[in-house]
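So the chains spell out like this:
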Amino acid sequence: MKKFLLILLGKCTIILGRIIHKGSSLPGELVLKLDSDFMGKIKLPNVVIAVTGSSGKGSVSSMIKKVYEQNGYTVAHNSKGSNLSAGIMTLLLENTTFTGRIKKDVFVFEMDERYAKFVFPILSPNYVVITNLTRDQPPRQGHFDLVFEEIKKALSDDMHLILNGDDAYLQKFSFDHHGPITYYGVAKNKYSYSKNKFQNLNLSYCPKCHKKLVYDFYQFENLGSYHCSKCSFNRPNIDYEVTSLNFDKKEMVINHQYHISISSEVLYEVYNILAVFVTSVTIGLDPTLVCNHIHELEKKVYDEYQYQNRIVHVLNNKNENSTTFNQSLLFLERFKDQKTIVIGWREISRRYNFDDLSWLYDIDFELLKHHDIDKIVCVGIHRYDIATRMKYAGISEKKIVVFDDLKEASNEIKFKTKGNIYAILNFDYVEPFNRYMKES
């Protein structure tokens, strides 16, 4: 009877939250206060997939959910992004019967890295996808070594790990894991490079013996083909590898046989798509169907359109995460045109009030010195901090302009700048920037 009443309370709170447009995690928080062990009393489906990591977990979990749905399965997924314990409990309440059984075929959830240790031991996911561990949200996360230890506490040998084999750091999870591991990666291609372009790497030394890692090639930052200069540590055997990548043709090929049409031209989305493919196929879905379904998905990682005779590229980045910004800088490296560059955001974080900007100095803005830049437009609450960072990166002060208001900045861009436009924005500025640029 107690289980029934708590589920009823949770469902009523969910309905109330929808009416007042609040409370994506409140129902779960309320139920857990009344019974801290209640999460473990819910009966889950046979397939439970958890996705965690510093970035990409929302995109990957969402695509996995859609692939399963297109294969005829019903899926529970925290699409609202509530990825802490209370948010996961709310997701369970939304999808459970009054007897406490999840009424879906598959349970997929995006999980905050620091909270995995509280949830994984209870829900026991069959499959755990770890996208990456990088510098991310310094005031909340501290160092990524700390995050690694938190995730490690959450894992058990009955969980099948799905890891990016191009990331030497993620291999640390394999050292003490005695369960199955599936690796994915990207083979050398025309976008790979042999000399390191980024100075602020997450890992430069062997995680086993701490000697210098040697790279045969880089895909991005410390992703690539590597081996230790002293011990036997190296890139693992890759189970699923992008053997051909062509952004011009918008196509990637996995293991020489599985073709996927891609709409994005940024590398991190290739890794996200690959993680989705590997997870789906490893669990048992037909690889050809998965390729078709991924092609049909909406993968809106960046926008591209024209303003008059100028191309506008709008790249969606994650504040406090240097890796996403560095990906955008690597995207710019492929174009030799004259550029107007826009950088800005409305707020750093929605989770806390710290105005920490240390992560700006983990981004290799120095790469911009080699471009033909007309202007760099710094916009938003930290416009002067961004401008200062540009000056430290070696950009001429004459090319840097600052604006508090995004609409005013867009007018400057439209009428007082030259070249194609590259907007490197936090997600909170993407939609309004597009709207202002498309206004007549």
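In short, a report on the structure.

Reading guide: rules and limits
Residues numbered from 1 in each chain as written. Predicted model: local features only at pLDDT ≥ 70, side-chain atom pairs only at ≥ 80, totals over all residues. Heavy atoms only, no water. Helix = DSSP H or I, 4+ residues; strand = E, 2+ residues; numbered from the N terminus. Rg over C-alpha atoms; globule rule 2.2 N^0.38 Å. Buried < 20%, exposed > 50% of the residue type's maximum accessible area, 1.4 Å probe, protein only. Contact = heavy atoms within 4.5 Å. Areas by Shrake-Rupley, 256 points an atom, 1.4 Å probe, with all protein chains shown as cover. Lys, Arg positive; Asp, Glu negative; His and termini not counted. Charge placed at Lys NZ, Arg CZ, Asp CG, Glu CD. Core = buried A, V, L, I, M, F, W, Y, C linked by side-chain atoms within 4.5 Å. Axes fitted to C-alpha atoms, helices over the stretch in contact; angles between N-to-C directions. Parallel < 35°, antiparallel > 145°, perpendicular 65-115°, else oblique. Left-handed = near helix turned anticlockwise from the far one by under 90°. Nonpolar A, V, L, I, M, F, W, Y, C, P; charged D, E, K, R; others polar. Salt bridge = Lys/Arg side-chain N within 4 Å of Asp/Glu carboxyl O. Patch = residues over 30% accessible without salt bridge, like charges linked within 9 Å, V, L, I, M, F, W, Y side chains within 5 Å. Pairing = 2+ DSSP bridges.

A few words on the overall build of the protein. When its secondary structure is counted, the protein shows 13 helices and 17 strands. For 440 residues, the compact-globule estimate of 2.2 N^0.38 gives 22 Å, and the C-alpha radius of gyration of the protein, at 22 Å, lies within 12% of that figure. A principal-axis box enclosing the C-alpha atoms of the protein has dimensions of 70 × 55 × 40 Å. The 440 residues of the protein split such that 59% are buried. In the protein, once contacts between residues fewer than 6 apart in sequence are set aside, the share between residues at least 24 apart is 70%. Carbon and sulfur atoms make up 49% of the accessible area of the protein, which totals about 18900 Å². Side chains of the protein give 56 positive and 51 negative charges; the mean places of these two sets differ by 1 Å.

Ranked by internal contacts, the top residues of the largest apolar core, which has 126 residues, are F109 and F277. Of all the elements, helix α8 (residues 267-283) adds the most residues to this core, at eleven residues. When near neighbours in sequence (up to four residues on either side) are disregarded, F109 contacts V48, I49, A50, V51, N78, I88, L91, V119, F120 and L123. The next biggest cluster of nonpolar side chains, apart from the first, holds 20 residues, and it includes Y307, V314, V377 and V379.

It is worth spelling out the packing of helix α3 (residues 57-70) against α8 at this point. Closest axis-to-axis distance for the α3/α8 pair is 9 Å, and the angle between their directions is 45°. Between α3 and α8, the interaxial angle falls into the category oblique. At the point where α3 passes α8, the crossing takes the right-handed sense. Contacts between α3 and α8 involve S59, V60, M63, I64, V67 and Y68 from the former and E269, N272, I273, A275, V276, T279, S280 and I283 from the latter. Its residues placed into classes, the contact of α3 with α8 shows nine nonpolar, four polar and one charged.

Quick look at the pattern of salt bridges now. Where charged atoms of side chains with opposite charge meet at close range, the side chains can pair. Following the criterion strictly, the structure yields 21 salt bridges and no others. Its salt-bridge partner being K153, residue E150 comes within 2.9 Å of it at the nearest N-O pair. Of this pair, E150 and K153 both sit in helix α7 (residues 144-154), three residues apart, which is roughly one turn of the helix. If you follow the salt bridges from partner to partner, you end up with R114, K117, E150 and K153 in one network.

A cluster of nonpolar residues, F4, L5, L8 and F98, forms a patch on the protein surface that exposes about 330 Å² of accessible area. Relative to the elements of secondary structure, F98 occurs in the loop between α4 (85-95) and β3 (106-110).

Moving on, we get to the environment of E439. Residue placement: E439 occurs in the segment after α13 (427-438). Along the primary structure E439 and S410 are separated by 29 residues, whereas in three dimensions their C-alpha atoms are 9.8 Å apart. In contact with E439, other than residues within four places in its own chain, are K407 and K414.

This part is about the sheet that holds strand β10 (residues 251-254). Strand order across the open sheet formed by nine strands is β2-β3-β1-β4-β5-β6-β9-β10-β11, with mixed pairing between neighbours. In this open sheet, the two edge strands, each paired with only one partner strand, are β2 (75-77) and β11 (258-261). The average angle at which neighbouring strand axes cross in this sheet is 20°, direction not considered. Taken together, the four bridges between strand β4 (residues 127-130) and strand β5 (residues 160-164) define a ladder with parallel strand orientation. Bridged to Y127 within β5 is H160. Contacts from helix α5 (residues 116-123) reach β1 (47-52), β3 and β4 within the one sheet, and its direction differs from that of β3 by about 170°. Across the sheet, α8 touches β1, β4, β5, β6 (181-186), β9 (240-246), β10 and β11, and the angle it forms with β6 is around 145°.

Before going further, it helps to examine the pairing of β11. Of the two faces of β11, the one lined by Y258 and I260 is fully buried and the one lined by H259 and S261 carries no buried residue. Where β10 lies against β11, four bridges are found, and the strand directions are antiparallel. Each residue of the ladder has a partner; that of E251, found in β11, is S261.

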